[in-house]
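Listed here are the chains, written in short residue letters.
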Amino acid sequence: MEREIEELFEGEPSFQHILRCVLRLTPSEIEVYLALHKHPNLGVDELAEIMGKDRSGVYRSLQSLMEKGLVRREYRILKHGGYKYLYIPIPIEELKEKLRSELENWFKKLNEIVEKFSIEESGKVS
């Protein structure tokens, strides 16, 4: 986590840096999430093809994004039988709200640590 924070403050932070640091997204998860915004309501195969990525890697990223509440999956019955799942990213405004909420939580925790900080007479830091 320290390295992520250092990266965030090296130079000008990008939105991707913030997503990595605050929501702990991998570069692959960020790429899949952003691709879904350009091409919503796709299945794994179509998304992997558009991205030029391996299907299994895209699937793993989608699973992780669903666990983190950033993507949802809808079940569709196919005309000729069978079914498939379509993936839909949460709206960008909802993502921004998640980021704001996480940042507020971080700030509260950091503030508590600063408030509790003291140096005892023995020189021990608590």
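Structural data are supplied above this passage.
Residues numbered from 1 in each chain as written. Predicted model: local features only at pLDDT ≥ 70, side-chain atom pairs only at ≥ 80, totals over all residues. Heavy atoms only, no water.

Details of helix α2 (residues 15-22)
- Among all positions in α2, only L19, C21 and V22 are buried.
- The first or second residue beyond α2 is R24, which carries a positive phi of 55 degrees. (Buried < 20%, exposed > 50% of the residue type's maximum accessible area, 1.4 Å probe, protein only. Helix = DSSP H or I, 4+ residues; strand = E, 2+ residues; numbered from the N terminus.)

Focus on the pattern of salt bridges
- One pass over the structure, following the stated rule, counts 8 salt bridges.
- Among the salt bridges present, the one from K53 reaches E31, with a minimum N-O distance of 3.6 Å. Linking K53 in the loop between α4 (44-51) and α5 (55-67) with E31 in helix α3 (residues 27-38), this pair joins segments that are 22 residues apart in sequence.
- You can call K53 partly exposed: its relative accessible area is 41%.
- For E31, a relative accessible area of 36% translates into the label partly exposed.
- Its salt-bridge partner being E97, residue R100 comes within 3.4 Å of it at the nearest N-O pair. Taken together, the residues R100 and E97, both in helix α6 (residues 92-116) and 3 residues apart, mark about one turn of the helix.
- In the salt-bridge network here, residues are joined through shared partners; they are R72, E74 and R76. (Salt bridge = Lys/Arg side-chain N within 4 Å of Asp/Glu carboxyl O.)

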